[in-house]
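Letter by letter, the chains look like this.
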Amino acid sequence: MGNDYPVVLVHGLLGWGREELGQFPYWGTGRSVPSPLQRREASVGPLSSYHDRACELAWQLHGGTVDYGQDHSDDAGHDRYGRTYDKPLVDDWSSSSPIHLVGHSMGAPTSWLLQQLLEEDYFGWGSSAGWITSVTSISGVLNGSTATYFFGVDEQTGLLDQDSAAGWLGQALEVSIRATGGIFESSYDFDLDHWGLKQAPGEELAGFIERVGASQLLLGYDNAAHSLSIQGTEKLTQYAHTFPNSYYLSYITEQTFAGYFTGHHYPEPLMNPILIPSALWMGHKQFDVEFYEGFNSSDWWHNDGAVSTYSQQSPRIGGHHPVGGSMEATPLEPGRWYYETLASTDHLDIAMKPQIGKVGEQKRFYTTLFQQLADLPA
């Protein structure tokens, strides 16, 4: 039977939209492969929290001025209103004309949170969860990432402090700059207007980053660093629902192997070199903190260089989120999370620029994914 609903692609941490870094597409070959469905690329705050990104995504899709909510904005300490989108990314968006959301990395929980906000009619449009017919997670941070602690987030609180904020930002930016071959430095939008942070004409990136690192953005709960921690994402898994009439697909990436004697995980030879330090640290880190009931450090060792495979499967550290099983073995039903593992694929192979030999796999993945979404019942 199938459907003809549009697909909206939502980038992850320090990602970018279609109009930025145009010669270096965030979605790699996924931008150009044939698709039976219309595609759109969203652009949301690369350093912002799940909440702020979900609000920006909502208003970008719908059109209008971003409203983060008065209570939230007062608590966070930023302006209530953000940018204005004169032209909706999707026409006539509603429960009778829903969309598919596809999120990479931080884009996955961002998309899922948007569905919860729509169900609550957070934006006053008369919306519901039915405005989104499916959520697809690719390398998704569905339960947080232990890499956040490698980059300086406090294990006890899930927060950055004044001393660690600049370091976290610098290391995260270094990964993005190296991944894009330096293009990142010449043309990028941090979408931080509501924080009063905007790169001035002629201001060098280094100077702007210094201002961001010294601001209140990275302190407290309303930023990407906290959202991506296990503590931050547990709040999301407790709050957001898995809705009975929507489809949930999760594609797990992994590129580490277990050592014979220790069980620790080590990067496979073809992992992108910029991910190796975090992959090694994540692969053996023994935490003293019990982040949630039943937490076991070794569950989180297998990873793709940025996110543990344990985190990517489905929301599992809070709330009730039914799991349907492997996509390869089970017919898909709404209201359940299904998963499939993309073997020997790191966090950047599936988006941006894949390693040598992975270009064809990336192209086949998106071709298959778009057809899979089109085949879901209307």
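Report on the accompanying structure. (Residues numbered from 1 in each chain as written. Predicted model: local features only at pLDDT ≥ 70, side-chain atom pairs only at ≥ 80, totals over all residues. Heavy atoms only, no water.)

Considerations on the side chain of Gln313
Then, in step 1: You can see Gln313 is positioned in the loop between α10 (309-312) and β10 (323-326).
Then, in step 2: Exposure remark for Gln313: the relative accessible area of 18% places this residue in the buried category. (Helix = DSSP H or I, 4+ residues; strand = E, 2+ residues; numbered from the N terminus. Buried < 20%, exposed > 50% of the residue type's maximum accessible area, 1.4 Å probe, protein only.)

Focus: helix α11 (residues 359-375)
Then, in step 1: Over its 17 residues, α11 extends 25 Å from the first C-alpha to the last, a length consistent with the 24 Å expected when each residue adds 1.5 Å.
Then, in step 2: For α11, the elements touching its buried residues are β1 (7-10), β2 (39-41), β5 (99-104), β6 (132-138), β7 (247-253) and β11 (337-342). (Expected span 1.5 Å × (residues − 1). Contact = heavy atoms within 4.5 Å.)

Re the sheet that holds β5
In a beta sheet, neighbouring strands pair by backbone hydrogen bonds and run either parallel or antiparallel.
Then, in step 1: The seven strands lie next to each other as β2-β1-β5-β6-β7-β11-β10, forming an open sheet whose pairing is parallel. Here the strands that pair on one side only, and so sit at the sheet edges, are β2 and β10. Strand-to-strand twist of the sheet, defined as the mean angle between neighbouring strand axes without regard to direction, takes the value 20°.
Then, in step 2: As defined by bridge partners, β1 adjoins β5 across four bridges and the pair is classed as parallel. Bridge pairing in β5 places Leu9 opposite Val102. (Pairing = 2+ DSSP bridges. Axes fitted to C-alpha atoms, helices over the stretch in contact; angles between N-to-C directions.)

Here we look at helix α6 (residues 205-214)
Then, in step 1: For α6, the full list of buried residues reads Leu205, Phe208, Ile209, Val212 and Gly213. Around the axis of α6, the buried residues are gathered within 140° of arc, so they sit on the same side. Exposed residues on α6 whose side chains face more than 90 degrees from its buried face are Ala206, Glu210 and Ala214. (Arc of directions from axis to C-beta.)

These values are about where atoms sit, not about what they do.
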